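Coordinate analysis (summary)
The residues making up each chain are set out below.
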Amino acid sequence: MQTVILAAGQGTRMRPLTESIAKPMLPVAGRPLVSHTADAAVDAGASELIIVVGYEAEDVREHFGSEHRGVPVTFTTQEQQRGTADALRAARSHLDGPFAVLNGDNLYESEDLTALFEAGPSIGAIRVEDPTSYGVLSTADGRVADIVEKPSDPPSNLANAGAYVFTAEASEYLDVAESQRGEYELTDVVARTIEAASVTPVELGRWLDVGRPWELLEANEWKLDDLDRSVRGDVADSAEIRGPVVVEEGATVESGVVIEGPALLQEGATVGPNAYVRGKTLLGPETKVGHGVEVKNSILMAGTHVPHLSYVGDSVLGRNVNFGAGTNVANLRHDDGPVQVTVKGDRVSTERRKFGVIVGDDAKTAINTTLNAGVKLAAGATTTPGETVLRDR
Ligand code: TTP
């Protein structure tokens, strides 16, 4: 089945990490987020991947080239990011039968997509405790009757998981009216499909929508769990590697280091001497974790250095970040409440007891900087020696 992957969005809720990179290209367990989405589609039997690109498109094109694991890849461009139905319109001329649509920033299990593809026309749904912030499916006689956006009185616990199989005719329904928030929405195309055809709800076992920075951390936690131990880099005799740790060729682990898996050290990463890397950590290409540094449950993107005497917990550090000696991250509130982050001007709960900081590309902290839980540093931001950063900058 032809599978359209929507990957054109600007990822504004993910700022500053998406300042100069498309959200689907952010690293999850060492590979772009969207490559995990594409894997699940290929494993479920996609015959062609049609990837809609727009914002920072070049990296996406370059990453995939003309095929993904033997399946042909076609690119199409959405010139302006005017909504998900508009994105699908950019793919219309390539469609020639029933087709699947996936969000390029969502993680799926391949078994779930297999079931979705087999049941088409179909909608993937995830069972959630509180569906009031989702599109919620109402069903009748085992078919989808309606999808209600953010209902105060939800008709079910089945939330729309942004995975669909459409009928061939649905490509004629894409010229929907502009929604109240000024976008052309895929849910309006879904509504017309539900009216015209019998659409099956398919409950997914696991799903993650990666919209905000802590969800990138969750994605990394999920996909690092799938790693098998493999140590091909240069590891000092006195270093201890515990559990499912991948040390890629070209990565270096120096003396006195302890690494507890799951963890992935990519090519050119250097750890130690005397450093402690704890579970669910991704150290991207050419990263450095130096002497007396502890890193836990974090993503360090390519070229980022934390060279001396620091603690980094539950955090996402963009590309080419440098932490001055003694920079420490708070990742727990003393009232034990969930850490909050400002997303597009609103304070939002991460629903995580432990969450550290989000740091944009090229930011640099001075020595002995303290970063409070939930703080965001913009791309290129700096701090002064001994500074305590309590608010975003
Ligand atoms: P969203 O997550 O709603 O949008 P976004 O990715 O731009 O992020 P933000 O809201 O933080 O700005 O989009 C869902 C999926 O659809 C996602 O994979 C991106 C894709 N998309 C497009 O391809 N084109 C668009 O115009 C929009 C709005 C989204």
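Residues numbered from 1 in each chain as written. Predicted model: local features only at pLDDT ≥ 70, side-chain atom pairs only at ≥ 80, totals over all residues. Heavy atoms only, no water.

Taking an unreviewed UniProt entry as the reference, the protein is identified by name as Bifunctional protein GlmU belonging to Halovenus salina.

**Description of the overall build of the protein**
Applied cut-off: A run of H or I in DSSP counts as a helix once it spans at least four residues, and a run of E counts as a strand once it spans at least two, with each numbered from the N terminus. The globule rule used for comparison is 2.2 Å times the number of residues to the exponent 0.38, while the radius of gyration itself is calculated over C-alpha atoms. A 1.4 Å probe rolled over the protein chains alone gives each residue an accessible area, and that area as a share of the maximum for its type sets the label: buried under 20%, exposed over 50%, partly exposed in between. Contacts are residue-level and defined by heavy atoms, with any inter-residue pair within 4.5 Å sufficient. Per-residue and other accessible areas were derived by the Shrake-Rupley procedure at a 1.4 Å probe size, with only the shown protein chains allowed to occlude residues.
Regarding its fold elements, the protein presents six helices and 39 strands. A compact globule built from 393 residues would reach a C-alpha radius of gyration of about 21 Å, and the protein, at 22 Å, matches this within 12%. Taken across its 393 residues, the protein has 57% of its residues classed as buried. If you take every contact in the protein between residues at least 6 apart in sequence, the share linking residues at least 24 apart comes to 49%. Of the roughly 15,900 Å² that the protein leaves accessible, carbon and sulfur atoms contribute 43%.

**Remarks on the environment of Gly162**
You can see Gly162 is positioned in strand β12 (residues 158-166). A relative accessible area of 7% places Gly162 in the buried class. Taking C-alpha positions, Gly162 is 7.9 Å from Ala125, a pair spaced 37 residues apart along the chain. When near neighbours in sequence (up to four residues on either side) are disregarded, Gly162 contacts Val101, Leu102, Asn103, Tyr108 and Gly124.

**Quick notes on the domain arrangement of the protein**
Put simply, the test is: In this document the domain limits rely on a domain assignment from an automatic tool or a database. Each of two parts loses accessible area, computed with a 1.4 Å probe, when they are put together; buried area is these two losses added. Each reported salt bridge corresponds to a side-chain nitrogen of Lys or Arg within 4 Å of a carboxyl oxygen of Asp or Glu. Polar contacts, as used here, are pairs of N or O atoms within 3.5 Å; protein pairs need one atom able to donate a hydrogen and one able to accept it. Residues neighboring in sequence count only if both atoms are side-chain atoms. When residues are sorted by character, Ala, Val, Leu, Ile, Met, Phe, Trp, Tyr, Cys and Pro go into the nonpolar class, Asp, Glu, Lys and Arg into the charged class, and all the rest, Gly among them, into the polar class.
Splitting the protein by domain gives domain 1 (2-211) and domain 2 (224-389). The C-alpha-based centres of domain 1 and domain 2 are spaced at 31 Å. Taken together, the contact between domain 1 and domain 2 spans 12 residues of the former and 19 residues of the latter. Summing the contributions of domain 1 and of domain 2, the shared interface buries around 1,100 Å²; its carbon and sulfur component is 68%. In this assembly, domain 1 and domain 2 are joined by zero salt bridges. Connecting domain 1 to domain 2 are three residue pairs in polar contact (both at pLDDT 80 or more). Among the residues forming the side of domain 1 that touches domain 2, the class breakdown is six nonpolar, three polar and three charged.

**Side note on the site of the ligand**
The cut-off we apply is this: Any residue with a heavy atom lying within 4 Å of a molecule or strand is counted as near it.
Taken together, 19 residues are adjacent to the ligand, and Leu6, Thr12, Arg13, Gln78 and Gly83 come closest. Between the ligand and Gln78, the relevant distance is 2.7 Å, taken from a nitrogen atom to a side-chain nitrogen or oxygen of the residue. Here the shell around the ligand is built from residues that sort into four nonpolar, 10 polar and five charged.

**Some words on the nonpolar core**
What counts, and what does not: Buried residues of nine kinds, namely Ala, Val, Leu, Ile, Met, Phe, Trp, Tyr and Cys, make up a nonpolar core once their side-chain atoms join them within 4.5 Å.
Residues Leu49, Ile51, Leu113 and Leu216 are the most contacted members of the largest nonpolar core, which totals 66 residues. If sequence neighbours within four positions are ignored, Ile51 has contacts with Ile5, Ala7, Val60, Phe64, Val73, Thr74, Phe75 and Thr76. Counting residues in each nonpolar core, the second largest holds 33 residues, with Leu265, Leu283, Val312 and Leu371 among its members.

**Comments concerning empty space enclosed by the protein**
Empty space among the atoms becomes apparent when a probe as large as a water molecule is rolled across them. Just so we agree on the cut-off: For each structure, a 1 Å grid was placed over the protein atoms alone; sets of points admitting a 1.4 Å probe that cannot get out are labelled cavities, open sets with protein on both sides within 12 Å along at least five of seven lines are labelled pockets, and lining residues have an atom within 4 Å of a point. Grid points are joined across faces, edges and corners, and a volume is the space filled by probe spheres set on the points.
All chains considered together, the criterion is met by one cavity of 30 Å³ or more. Around the largest cavity sit Ser122, Ile123, Tyr164, Val165, Phe166, Val190, Thr193 and Val199, which together line it. Elements that contribute at least two residues to the lining of the largest cavity include exactly β9 (122-127), β12 and α5 (186-196). Residue classes in the lining of the largest cavity are distributed as six nonpolar, two polar and no charged.

**Things to note about unusual backbone geometry**
Residues Gly120 and Pro121 are joined by a peptide bond in cis, for which omega reads 0°. Inspection of the secondary structure puts Pro121 in the loop between α4 (110-119) and β9. Here the residue pair Gly272 and Pro273 is connected by a cis peptide bond, since its omega of 5° sits within 30 degrees of zero. Although it is not a glycine, Asn297 sits at a positive phi angle of roughly 45°. The topology assignment puts Asn297 in the loop between β26 (294-296) and β27 (299-300).

**Details of α4**
What counts here: It is the directions from the helix axis to the C-beta atoms that the arc portrays.
Of all the positions in α4, only Ser110, Asp112, Leu113, Leu116 and Phe117 are classed as buried. End-on view of α4: buried residues confined to an arc of 150°, all on one side of the axis. Residues Glu111 and Glu118 are exposed on α4 and point more than 90 degrees away from its buried face.

**Topic: the side chain of Ser138**
Among the structural elements, Ser138 can be located in strand β10 (residues 135-140). With a relative accessible area of 16%, Ser138 lands in the buried category. Residues within four places of Ser138 in sequence aside, it is in contact with Arg143, Val144, Ala145, Asp146 and Pro155.

**Details of the packing of helix α1 (residues 33-43) against α4**
Spelled out, the test is: For helices, the fitted line uses only the C-alpha atoms of the stretch in contact; every axis is such a line through C-alpha atoms, and the angle between N-to-C directions lies from 0 to 180 degrees. Should an angle fall under 35 degrees it is taken as roughly parallel, and over 145 as roughly antiparallel, whereas 65 to 115 is taken as roughly perpendicular and any remaining angle as oblique. Should the near helix be turned counterclockwise from the far one by less than a right angle, the crossing is left-handed, whereas a clockwise turn marks it as right-handed.
The contact between α1 and α4 brings their axes to 8 Å, and the two run at 50°. The angle between the axes of α1 and α4 places the two elements in the oblique class. In terms of crossing hand, the pair formed by α1 and α4 is right-handed. Mapping the contact onto sequence places Ala40, Ala41 and Asp43 in α1 and Ser110, Leu113, Thr114 and Phe117 in α4.

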